[in-house]
Structure formats: C-alpha cells, structure tokens
Amino acid sequence: MGRKYVFDFDSTLTRVEALDVLAEMTLQGRSDREEIVNKIQEITNLGIDGDISFTESLERRIKLLNAKKKDLDGLVVELRQKISKSIASNKEFFEKFSDDIYVISCGFKEFIDPIVAEYNIPSDRVYANTFKFDKSGNIIGFDETNVLSSHNGKIECLKGLDLDGEVQVIGDGYSDYVMREAGIAHKFFAYTENVHREKAANNADHIAPNLDEFLFVNDLPRNISYPKNRIKILLLENVHPAAFDNLSEDGFSVELVKHSLTEEELIEKIKGVHVLGIRSKTQVTKRVLDAANKLLVIGAFCIGTKQIELDYAKKKGVVVFNAPYSNTRSVVELAIGEIIMLMRNVFPRSTEIHKGQWNKTAVNSREVRGKNLGIVGYGNIGKQLSVLAEAIGMRVYYYDIEDKLALGNAVKCDTLEDLLNVSDVVTVHIDDNQANKNFIGEREINQMRDGAMLINLSRGFVIDITALTEALKSGKLSGAAVDVYPEEPRSNGEFKTELQGLANVILTPHVGGSTEEAQRDIADFVPNKIMDYINSGNTVDAVNFPNIRLPKQNNAHRFLHIHKNIPGIMAHINEVLAKYEMNIVGQYLSTDSEVGYVITDLDKEYNKDVMKALKKVEHTIKFRVLY
C-alpha cells in the first residue's frame, strides 16, 4: 500500500487565507475596511490555532464579510495569482500523484475546486464547506450539516474517507495537526512557507518551509534536487540587511552575524555552511577552508579578496565572488570631498569653532581648480576619480604598473617618482597585493612636493604610517586623509593611531565604500551571483574560478563536475555518461591551469547510479546535481 497526501488549502496551497482576500475585495471603499479585515484575520487565527471552535470562527467571519455570490469569480481570479511559490513550481508532482492527493479544508468548495482543478485534483477529492446564499445572491451562511463546519471536523472527514496506506497531512495550522493527534494520520508536516504557526510547528513530525522539503523527505519528484531551505548561508560583519532579505526570499536558510569572527571561531561556525558571506575583516584561511565540509561559495561583500586564500579555495572547489564595482562611486566622492576639504584647510577651522575660537583667514586655504592631482592606481576607482577631478578644474596625472588608456586630458606618468614630483595632491588607489606594502614610504614622501597632500582610501598597509606622521609633523606635507590602517579592530570601539591630533589630517574608520547606496548595491550584486551559482552553476565574474555563462535549463537535469585539470578527465566523464546511456542535451567546459569545470545537461530520466560513478572519477573535487 502506498501513501496518501492530504493538503490544506488556505496558507498552504495558496499564500493567503481566501476569506481574508474576499473581505479586502468586498469591503473596498468602506472607511472601516482595515478594521474589519484585521478583525477577520484575528478570528481566522483563533480558529486555526484551536483557541475558538471552528464553527464560531466561520460564523463570525461570514457575518463580517458582506459578500455576494458574484464576488467569488473575482476571488478565484485573485487566488490564481496567489498560489504558494513552491506549490506552483512543483505542478508535476500533483499531476503524477493526483490519485493519491486529497484536499481537506475548512474553506469553501466554491473557490477551492477551480483552483485545484488546475493541479489535476478533481472535485470529488476536495472536501470543504459550501456557502448558503439568499435569493439575491448574498452569502448568508454555510451548510451546517457539513462535518467540516464543526469543531475538529477534519478528523471526522478524514476518518470517513478510510484511506489505505500511510496518510500524511500537510498544512499550516493546528487544525491540520489534530488529524495526526487523533491517530488517523501517520505524519503531520507543518507547512511554513507562508506563515509560521508555533502551535502547529511545535507538534509537527516535520517542518516543511516549502513543498520542496516535503518532497525531498519523501523522495518524491520535485522541481529542484535539493531544498533551498537546507542550504545554510552565514553572513558576517554586518552585511547590509538587503542581502539577508534577498537570500531568504529565495528560500535559503540565512544567519546574520554583526561582527567578524576569529579563525578559531570561524572554524567552528563554518561546519555545515554552504555559503559564506564576509567583508574585509574576516580571514578565510586554509584551516578554515579545511573545516568547511560543505562550503560551495564565498561572497566577498567588498572589492578586495586578499582576506581569502583564493587558490586554496579553488583547489577545494569553492567559488569566490566579490563586488568590484558597487562601491566605486562612493569611494570617488569621498576622495573628491577630502581633496577640497584639505585644500581649503576646513578641518582646522572647524575644530577652532568647536572650541569657541573665531579665526577667519585665507592662509593655507586654496582652490582645487588648476591644481595637480596625482592618482596612483588607474583602475575602476582611479579612472572615475580622474573624470570627476578634471570636471572641477584639476589637472590629472596618473601612474599604474599596467598600461592603461587615459580618460579625458589625464596625463600618464612613466614612473611613480614623476607623478610624485608634479602633484599637489596624491591619492592612492592600489590593490591588496602584499607586494604593495609600504608602497608609499619615507623615500616616496620625500619625492613629493613640499606642502603637498596625501590621501589613502585603498589598503592600510600601502602607506608607511610612521613616515607619513613624521612628514606631517615636519611640514613636508601640509595635510592628509586616511581611511584605512595597517591594523583595524574587528568591531566598533576604541582605536589609536599615530596620526591622531595632527593638524589638517582627516581620519575616517574605513568608510570609503560605506554609503547606503553602495552597501545596498553590494547587497544586491553579490547575492545575485551567489544565487546564480547555486541555482544554475553560472560562474561569471568569479574571481578564482573558470568563468562559464550557462543557458537556462529546459526540462533537463544539470550535472556540475569540478575536477583537477588533468589530461583525460573529460574522456573519463563522457565514458561514464556513455556507459549509463545518458542522453546529453548540452555540455559546457571551462578550465584554467589547475581546475576544470564541466556542466552537462541531460534528459530528465536517468539511472541514478551514474551520480555515484561520476563522484568516483579520479581527481574529482566536487560534484552536484541541479534540476
């Protein structure tokens, strides 16, 4: 004997309570609409949780509805747009197992039948209440003889069906659980995709955040191979809440931690985590990656990735994404602002006013127009800064170790010394390569013009802080702005630097890219890359992995195979596929010197032993299936 599946309707098959939607429609235009709708929702919840009898709940709601028979057609139209997301994506399950699926609902057949009919569930397997209408078509009540209109009516209804085999109930409320409690259902799945009711969840045999989880537990046909709620995502360092929202809304289980973690803390925390999201402070070391037994992808919610052992991550089959462009504008605007503030000597004047001193003077206060700006590092930030600086009248010079095309009237310098010699303001925008440590030191500062100014919005270790401090104290430099430091605290609190207390020095706590706009853009960009990789296998813009842009899957399973780039592996993979007579719809391969990444799309029907065989292919790093 097989299984029988009994589904609730409201807040399970649909995202809403149908009578609540009907109330919102029929009370349109009334000044007390919101008050009445809230009252109906309150009564609904009392009935679902078993705090009042269902009969009472139904009577009180219908009295408040003020609905007519003709309103039900509009309700059905609305409900068609409010099918639960994972129900809609698993329509195939309902079509294949329609003979084993029943709907037992305390809702009404008038709107349930037309909805579930589209999922191949006939009216004779839908058990629900029916409305009573007067001669004018007003809804005036319900059929009191229907067992489902009474308290615990679902128990009597299911008992009367006398179903063979294992009976599983899937619903959101305590009124669904009572069928399990009464012993006429073998399992109760608390369905929480739309609403989490504590009373139901606390008594459930299993909590199903979506239908994918229910189907996975029962090894039934499903739209995706692995429920997203089982994919654990850990976001550290107070990543923007929008990242949490984006990933949670896609169905993943997300944990948000406001601060960075030490290596030992992360080693303990990362076990069982599939996705790690960090900013610049968290160090993803080899030891961390060795402890990450399920890690698939790392998202760096920043530009730099030096805090991650990129090569070792690749060898472990862990893909890394970052946000190379999202905060560019924010950094550039801060640089422009600091150039103007330093040239105008604003901070000393502001400090004097705060201390109660009035010192109106033009000494050491200069316009930026006509001054020379030297940009060290002509990448995304350097180029955009070049354009804006020129727009406010500065003459721009730049130096980069790579050959970069000048924008506008910017002048390329062949050596760093040439740039330092000519610049009134030098701003540094180079990457986190360790070779850049003390890139600007005592020697380079001495090559700068007397009275010049220095800005660092890149990495803390690229400027020798002690040398900069001495240059400011001696008057060699007339001002500086520093946003990054050789050592930074893991969280907000006390901080000390040699630069504190010096005149015309702007100190900020690594906020160059920390604007609401930039953090929001990063919180959209990085999660989208993560979701694209998890959901489809795309590695476009990965910083440590062969890039593949994949077409959308169409009625096919997708095998993702990451392996060491050793000659003969592709032949071995295809031998396995041929042995199991797999029909290949498409195959995509990208490699670098160390790893290969091959994606194979196959017809849906296949021998599952092929997965075991592919995992056993020599030099396999990671293998997973998407469908």
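The shown structure was predicted, so the numbers you read here are calculated from the model rather than taken from an experiment.

Rules of the game
- Residues numbered from 1 in each chain as written.
- Predicted model: local features only at pLDDT ≥ 70, side-chain atom pairs only at ≥ 80, totals over all residues.
- Heavy atoms only, no water.
- Helix = DSSP H or I, 4+ residues; strand = E, 2+ residues; numbered from the N terminus.
- Rg over C-alpha atoms; globule rule 2.2 N^0.38 Å.
- Buried < 20%, exposed > 50% of the residue type's maximum accessible area, 1.4 Å probe, protein only.
- Contact = heavy atoms within 4.5 Å.
- Areas by Shrake-Rupley, 256 points an atom, 1.4 Å probe, with all protein chains shown as cover.
- Lys, Arg positive; Asp, Glu negative; His and termini not counted.
- Charge placed at Lys NZ, Arg CZ, Asp CG, Glu CD.
- Expected span 1.5 Å × (residues − 1).
- Phe/Tyr/Trp six-rings, centres within 6.5 Å; stacked < 30°, edge-to-face > 60°.
- Lys NZ or Arg CZ within 6 Å of the ring centre and 35° of its normal.
- Pairing = 2+ DSSP bridges.
- Axes fitted to C-alpha atoms, helices over the stretch in contact; angles between N-to-C directions.
- Parallel < 35°, antiparallel > 145°, perpendicular 65-115°, else oblique.
- Left-handed = near helix turned anticlockwise from the far one by under 90°.
- Nonpolar A, V, L, I, M, F, W, Y, C, P; charged D, E, K, R; others polar.
- Polar contact = N/O pair within 3.5 Å; in protein donor to acceptor, adjacent residues only side chain to side chain.

### So, the overall build of the protein chain
Item 1. When you go through the protein chain residue by residue, the secondary structure sums to 24 helices and 24 strands.
Item 2. The C-alpha radius of gyration computed for the protein chain amounts to 32 Å, which surpasses the reference 25 Å derived for 627 residues by more than 25%, pointing to a less compact arrangement than a globule.
Item 3. By principal-axis analysis of the C-alpha atoms, the protein chain measures approximately 95 × 70 × 45 Å.
Item 4. For the protein chain, buried positions account for 52% of its 627 residues.
Item 5. The long-range fraction of contacts in the protein chain, counting pairs at least 24 apart against all pairs at least 6 apart in sequence, stands at 62%.
Item 6. Total accessible area computed for the protein chain in this model is approximately 29,100 Å², and 46% of it derives from carbon and sulfur atoms.
Item 7. Computed over 77 positive and 91 negative side-chain charges, the separation of the two mean positions in the protein chain equals 2 Å.

### Comments concerning helix α16 (residues 328-343)
Item 1. Between its first and last C-alpha atoms α16 spans 23 Å; for 16 residues at 1.5 Å apiece the expected length is 22 Å, and the two agree.
Item 2. The complete set of buried residues in α16 reads Thr328, Ser330, Val331, Val332, Ala335, Ile336, Glu338, Ile339, Leu342 and Met343.
Item 3. Backbone geometry just downstream of α16 places asparagine 345 in the positive-phi region, at approximately 60°.

### Concerning the packing of aromatic side chains
Item 1. Going through the model one piece at a time under the given rule, you end up with 21 aromatic pairs.
Item 2. Seen in terms of ring centroids, phenylalanine 93 and phenylalanine 94 are 5.1 Å apart; in terms of plane orientation they differ by 70°. Their pairing is edge-to-face. One exposure class covers both phenylalanine 93 and phenylalanine 94, and it is buried.
Item 3. On the basis of an interplanar angle of 45° and a centroid distance of 5.4 Å, the ring pair of tyrosine 174 and tyrosine 177 is categorised as tilted. One end of the pair, tyrosine 174, and the other, tyrosine 177, are both in helix α9 (residues 174-181), 3 residues apart, so they sit about a helical turn from each other.
Item 4. Above the ring of tyrosine 533, the side-chain terminus of arginine 624 is found at 4.8 Å from the ring centroid.

### What to know about the pairing of strand β22 (residues 584-591)
Item 1. Judged from the 7 bridges that link them, β22 and strand β23 (residues 595-603) form a sheet pairing that is antiparallel. Note that in β23 the partner of threonine 591 across the bridge is glycine 596.
Item 2. Joining the antiparallel neighbours β22 and β23 is a turn of 3 residues.

### With respect to the sheet that holds strand β14 (residues 372-376)
Item 1. Pairing within the open sheet is parallel, and its 7 strands lie in the order β16-β15-β14-β17-β18-β19-β20. Across the chains shown, the open sheet's two edge strands, defined by having one partner strand only, are β16 (411-412) and β20 (505-507).
Item 2. Examined bridge by bridge, strand β17 (residues 425-428) and strand β18 (residues 452-456) share 4 bridges and lie parallel to one another. What sits directly across from threonine 427, in β18, is isoleucine 455.
Item 3. Helix α18 (residues 380-391) rests against β14, β15 (395-399) and β17 of the sheet, and its axis sits at about 175° to β14.

### As for the sheet that holds β23
Item 1. Strand order in the open sheet formed by 4 strands is β22-β23-β21-β24, with antiparallel pairing between adjacent strands. The open sheet terminates on both sides in strands that have one partner only, identified here as β22 and β24 (620-626). Taken pair by pair, the neighbouring strands of this sheet meet at an average axis angle of 10°, ignoring direction.
Item 2. One ladder, built from 9 bridges, connects strand β21 (residues 556-564) with β23; its direction is antiparallel. Bridge assignment links arginine 558 to a residue of β23, and that residue is aspartate 601.
Item 3. Contacting β21, β23 and β24, helix α22 (residues 516-536) runs over the sheet at an angle of about 85° to β24.
Item 4. Across the face of the sheet, helix α23 (residues 569-579) comes into contact with β21, β22 and β23 while running at roughly 160° to β22.

### Regarding the environment of serine 11
Item 1. Among the secondary structure elements, serine 11 is positioned in the loop between β1 (3-7) and α1 (18-26).
Item 2. Taking relative accessible area as the criterion, serine 11 reaches 4% and is therefore assigned buried.
Item 3. Along the primary structure serine 11 and glutamate 390 are separated by 379 residues, whereas in three dimensions their C-alpha atoms are 58 Å apart.
Item 4. Setting aside anything within four residues of it in sequence, one finds serine 11 in contact with Val16, Glu17, Asp172, Tyr191, Asn194, Val195 and Arg197.

### Regarding the packing of α1 against helix α2 (residues 33-48)
Item 1. Put simply, α1 and α2 touch, their axes get as near as 10 Å, and they point 170° apart. The orientation of α1 with respect to α2, classified from their angle, is roughly antiparallel. For the pair α1 and α2, the sense of crossing is right-handed. The residues of α2 that touch α1, namely those facing Asp20, Ala23 and Glu24, are Arg33, Val37, Ile40, Gln41 and Thr44.
Item 2. Across the contact of α1 with α2, the residue classes tally to 3 nonpolar, 2 polar and 3 charged.

### Focus on the side chain of serine 105
Item 1. Inspection of the secondary structure assignment puts serine 105 in strand β2 (residues 101-108).
Item 2. At a separation of 2.8 Å, a polar atom in the side chain of serine 105 contacts the main-chain amide nitrogen of glycine 107.

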